[in-house]
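Summary of structural features
One letter stands for each residue in the lines below.
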Amino acid sequence: MPPAIVGHEGPLAGQRFPISDKPITFGRRGDNSVVITSERASRFHAEVRREADGYVVHDRGSRNGTLVNGERVTSHVLRPGDVITVGGETFRFEAFDESETVMDASLLQTVVGSVPSVEPGQVMRVTVSGGGPVGLSLALLLDHLMGQRVAITMYDGRWAQDGSRVVWKNAAQGNNRRQQVVTVQSRQYLNLPEEVQARLFTAGSYTEMWPAGPDSIRGYSPRNIRIAYIEDTLLEMANEKADRIRLIPANFDPVKHHEAAVGDHVLAICEGGRSRTREHFTDKFGKADKSIYSLDGAHVQDVVLGLRVKSGLSDPMTVLLTVAQNRFLLNALRGEGFLNMRLTDEEAKEVVGIDPVRHVFEECIASSPCLMARNEDGDFHCSTHRTLFLPALIRGSALWKRAKEGLVLFGITEDDVSAVTAFRLDMVQRPRFTAQLHSPTSTTPGTYGFLLGDAANAIHFWPGRGLNSGLASAISLARSLNRNWRGRPFRDADFIRHEAAMSMLQYRHKSRAWNAMVTTDENGVTRAIKDKIVQGIDEGDAGSDKDTDVDALTERLRQIRARLSPRIPGMPDDATLVEHLRKLKSETVRTLLVSGAWDTLVVGGEEVDIDIFDRPVSPDPPPPDRRLVSSRGDGPRRRAEAVSGGSGDAASPG
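Residues numbered from 1 in each chain as written. Predicted model: local features only at pLDDT ≥ 70, side-chain atom pairs only at ≥ 80, totals over all residues. Heavy atoms only, no water.

Named according to an unreviewed UniProt entry, the protein chain is FHA domain-containing protein originating from Microtetraspora fusca.

Right under this line is the structure:
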């Protein structure tokens, strides 16, 4: 692989610019090889070119200068791993065949065959509790950014040892893999290492059914991809880095593993919304507050029934039907995924399993939650608790009848339902995400703990933001650790930017999620959407006019279609929509209508840009030369000339 300049921190992080015989140029002008939008960059700022001595970076008389490894340079022969700062953004020089990077024989002697050694005291030790997508992404990001300067130990009880490799347990081993499809925004996946992106997004592994939106950058669309595939791919990559990422197939226990953790610099808690490690350190992170997500003093919760299905509808039709109501959501990959159904409180009481032998009711499907797969008899069976899904067994179950109406809405036959699960969703406000868990001693470095992913911000599923928030938290922490690691104990001040990023993520994503759980009626009263669904069911039972409701719902679909058509080709016409809606029962049409459409105006808008927290602070300009400052009235003009160096850059766009 040829030597390259690789985006290190900032908007271009992870992007690769191979070096050929033609120089790589940096600057604000659009005709540069690397365009930097920051005002701190000059129009033609710097360049990297191949010369007799090797690959050399040259400053081109820029206003704010060019730095290599923190030192200002006019020219510098690059070595593998050198960090170049241009206009506040950083890049790394990478050369996999080091003999290609230096042509001068005297320089070649010091480089070829040598790998910079890292003293043990300079290695940052990290424990990651939880090996899902967020924990694995953090480990791979740290490995990418820090190389030999980091050693990572990861724990997850859902793993098993398979020879020399660690793999995910299967259902027979007590681990039902998550087959849900998630929508990953480009703002997150473009900040993952280029190697990770290449392995994740192979042909056929993802689709782009949702249009680009406020959280899309550089023209890239959101991508639908299965969670299990993400987990498999990231774990496979972690196995390949055994020299720096140690995988332990067991749950992290903050008591049992206390001695190991107290000797580390970092404990990253990525176990999920029910994290036992987080609860163990409640006195450090603070107690969560439920009141902000409450109505009339009651904490608002949603219970969701998830059906694993295969739909024959086109992606444009699926998107349109999903956005037009708040009862059902289908997130799929080539038609296969989960149909999620928001339940009323009464319906949620029906979500139970029954042990057919002992005739005992179990709430495993709602409390664990378990996945009940369809067996050879057509029943939904929990292999862990030996229970059957009760609503599907009861002919008169109102819940199951309404769930089957969701199947009709998305063109799914009952034979194409292969499993059922459920999960309870609520949100709390967390006071902090960073805490010193153990103080430094003469023999220990002092351990800092971090809440990431759902352990930090469990997000309601309706906007589909949980994994995106988790990836953003991992990206922010990895960059923060890389930026601040100096081989000494960390301080609170080292994590100001990361804590600010986490607070912004909490505010943005939870405010968005809250607006997907509640709505305001015509009198300005805030109500839970699940209560609006109850209203729709009651009005449907009372005999609502189906034709009128179909017309009203078609008009809503028409308006949404007009908004989305420029970004999603292939939308269905009016006749197709009306024919489809008429297949539904009157109660269902009324419920969909009353539940309301997605409030895209409220949940849209500016997104949390992690990159703004990771742009290095530009060096202070040199102090003015006091010899040029006159005691007469021309002082201000001469001061300006002294600061700008007389180049005129300071007074122009650069």
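Examining the side chain of T183
Structurally, T183 is set in strand β16 (residues 181–184). In terms of polar contacts, T183 uses its side chain to reach the side chain of N331, at 3.2 Å. (Helix = DSSP H or I, 4+ residues; strand = E, 2+ residues; numbered from the N terminus. Polar contact = N/O pair within 3.5 Å; in protein donor to acceptor, adjacent residues only side chain to side chain.)

Digging into the pattern of salt bridges
Applying the stated criterion across every chain, the model contains 37 salt bridges. Across the pair R508 and E607 runs a salt bridge whose closest N-O atoms are separated by 3.5 Å. Residue R508 is found in helix α14 (residues 496–517), and its partner E607 is found in the loop between α19 (600–603) and α20 (635–644); the two are separated by 99 residues along the sequence. Under the relative-accessibility criterion, E607 is labelled buried at 8%. Bridged by salt links that share partners, the residues D143, E195, K241, D243 and R244 form one connected network. (Salt bridge = Lys/Arg side-chain N within 4 Å of Asp/Glu carboxyl O. Buried < 20%, exposed > 50% of the residue type's maximum accessible area, 1.4 Å probe, protein only.)

Some remarks on the side chain of S595
Along the chain, S595 turns up in helix α18 (residues 586–595). A residue is classified by how much of its surface remains accessible, and S595, at 4% relative accessible area, is buried. From its side chain, S595 meets the backbone nitrogen of N326 in a polar contact 3.0 Å long.

Side note on the sheet that holds strand β9 (residues 75–77)
Strand order in the open sheet formed by five strands is β4-β3-β5-β6-β9, with mixed pairing between adjacent strands. What marks the edges here is a single partner per strand, and that holds for β4 (34–35) and β9. As paired elements, strand β3 (residues 24–27) and strand β5 (residues 46–51) share three bridges and run antiparallel to each other. The partner of F26 across the bridge, within β5, is A46. (Pairing = 2+ DSSP bridges.)

Here's the deal with the packing of aromatic side chains
Within the structure shown, the criterion is met by 14 aromatic pairs. Both rings, one in Y55 and one in F93, keep their centres 6.0 Å apart while their planes meet at 45°; by these two values the pair is tilted. Placement of Y55 in strand β6 (residues 54–59) and of F93 in strand β11 (residues 89–94) is noted, with a sequence separation of 38 residues between them. When its relative accessible area of 2% is taken as the criterion, Y55 is described as buried. One aromatic cluster in this structure is built from Y448, F450, W485, F490 and F495. (Phe/Tyr/Trp six-rings, centres within 6.5 Å; stacked < 30°, edge-to-face > 60°.)

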